[in-house]
Amino acid sequence: PKPHIVFSDELSLNMGNLTIHVVHTGGHAVGTSFIYIPEEKVVFCGDNVVSTRFPYLGQGVYRTWAAALVRIIHLDVDYVIPGHERVCDKAPAHKLLKFMGDLEENAQKLFYEVHEEHKIPQSNSDLAKFFPGIEGWPNPAEQAMADAVRRMYEQFSAQSASF
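Visitor: Please give an account of the overall build of the chain that cites residues and values.
Guide: Within the chain one finds four helices and five strands. Put simply, the chain runs from its N terminus to its C terminus through helices and strands in the order β-β-β-β-α-β-α-α-α. Reported as C-alpha extents along the three principal axes, the dimensions of the chain are approximately 60 × 35 × 30 Å. When burial is assessed residue by residue, the chain has 40% of its 163 residues classed as buried. When contacts within the chain are restricted to residue pairs at least 6 apart in sequence, those whose partners lie at least 24 apart make up 55%. Total accessible area on the chain is roughly 9400 Å²; 55% of this is exposed by carbon and sulfur atoms. Each charge sign in the chain was given a centre, from 14 positive and 20 negative side chains, and these centres are 1 Å apart.

Shown next as structure tokens:
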């Protein structure tokens, strides 16, 4: 079926006593949005926020994901509702944002190892050593760590090429 309502960046709906803000952010996936209801101090984040496990990082666009996390952190909310886990506060968003920064920093180190020292990773283990992890959360399998580093490396490399 065709949608009845479409939007590009943001959409606000007045529903009597509630205002529903739908905000397209990208991040976890290109089409990711969050729904913010200020009167209830709640944000529905989809997969941009997880509270106890690593998100799937294979389709993530890290710069837009980090920007989405910053927007979520700055909302006046008491409740953050992730796509797959329990209701939480903003602490997981803060942890994910720090992780994104650490992962980008590690991808930069990998980039310079490859391009300046000509050290080419030969295995998932070689890539996984650049995975920073999140304090208090168990690391995913080595393949998932390598995929996350690879994804960030590709995005950092594309950004570096544009300078």
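So much for the structure itself; the text now carries on.
Visitor: Just give me the short version of helix α1 (residues 62–73), but keep the residues and values in it.
Guide: Residues that lie three or four places apart on an α-helix share one face, since the helix turns once every 3.6 residues. End to end, α1 covers 16 Å across twelve residues, agreeing with the expected 16 Å (1.5 Å per residue, within 8%). Inspection of α1 places Y62, W65, A66, A68, L69, I72 and I73 among the buried residues, and these make up the whole buried set. Projected down its long axis, α1 carries its buried residues within an arc of 160°, all on one side.

Visitor: For the sheet that holds strand β1 (residues 10–14), give the residues involved together with the corresponding values.
Guide: Here five strands make up an open sheet; going across it, the order is β1-β2-β3-β4-β5 and the pairing mixed. Where the open sheet ends on each side, the last strands, each with one partner, are β1 and β5 (79–82). Going across the sheet, the axis of each strand differs from the next one's by a mean of 15°, ignoring polarity. The pairing of β1 with strand β2 (residues 19–24) spans five bridges and is classified as antiparallel. Across the sheet, N14 pairs through a bridge with T19, a residue of β2.

Visitor: Help me get a handle on the nonpolar core, residues and values and all.
Guide: V43, Y62 and F131 are the most contacted members of the largest nonpolar core, which totals 40 residues. Breaking this core down by element, the ones donating at least two residues are β3 (33–37), β4 (42–46), α1, α2 (91–116), α3 (124–128) and α4 (142–161). Here this core takes nine residues from α2, the largest share from any one element. Those residues in contact with Y62 that lie beyond four places of it in its chain are L57, M100, L103, A148, R151, M152 and Q155.

Visitor: Which residues make up the environment of F130, and what are the values?
Guide: Mapped onto the elements of the fold, F130 is located in the loop between α3 and α4. Classification of F130 by relative accessible area gives buried; the value is 8%. With 14 residues separating them along the chain, F130 and E116 place their C-alpha atoms 17 Å apart. Apart from residues no more than four positions distant in its own chain, F130 is found in contact with L103, N106, K109, L110, E113 and V149.

Visitor: Can you lay out the pairing of β3 for me, pointing to particular residues and giving the numbers?
Guide: Note: β2 against β3, four bridges, orientation antiparallel. Bridged to H21 within β3 is Y36. Note that β3 and β4 share three bridges and pair antiparallel. Within β4, the residue paired with I35 across the bridge is F44. Between β3 and β4, which pair antiparallel in sequence order, lie four residues; one of them, K41, sits at a positive phi of approximately 55°.

Visitor: Can you break down the pattern of salt bridges residue by residue, with the values?
Guide: Tallied over the full model, the rule gives eight salt bridges. Residue K41 pairs with D76 through a salt bridge whose shortest N-O separation is 3.5 Å. Highlighted residues: K41 in the loop between β3 and β4 and D76 in the loop between α1 and β5, separated in sequence by 35 residues. For E105, the salt bridge is made with K109, and the minimal N-O distance between the two is 3.9 Å. Of this pair, E105 and K109 both sit in helix α2, separated by four residues, roughly a single helical turn.

Visitor: Any details on unusual backbone geometry? Residues and values, ideally.
Guide: The backbone of K41 shows a phi angle near 55°, a positive value even though the residue is not glycine. At H118, a residue that is not glycine, the phi angle is positive and equals roughly 55°. According to the relative accessible area criterion, H118 is exposed, its value standing at 62%.

How each quantity is defined
- Residues numbered from 1 in each chain as written.
- Predicted model: local features only at pLDDT ≥ 70, side-chain atom pairs only at ≥ 80, totals over all residues.
- Heavy atoms only, no water.
- Helix = DSSP H or I, 4+ residues; strand = E, 2+ residues; numbered from the N terminus.
- Buried < 20%, exposed > 50% of the residue type's maximum accessible area, 1.4 Å probe, protein only.
- Contact = heavy atoms within 4.5 Å.
- Areas by Shrake-Rupley, 256 points an atom, 1.4 Å probe, with all protein chains shown as cover.
- Lys, Arg positive; Asp, Glu negative; His and termini not counted.
- Charge placed at Lys NZ, Arg CZ, Asp CG, Glu CD.
- Expected span 1.5 Å × (residues − 1).
- Arc of directions from axis to C-beta.
- Pairing = 2+ DSSP bridges.
- Axes fitted to C-alpha atoms, helices over the stretch in contact; angles between N-to-C directions.
- Core = buried A, V, L, I, M, F, W, Y, C linked by side-chain atoms within 4.5 Å.
- Salt bridge = Lys/Arg side-chain N within 4 Å of Asp/Glu carboxyl O.

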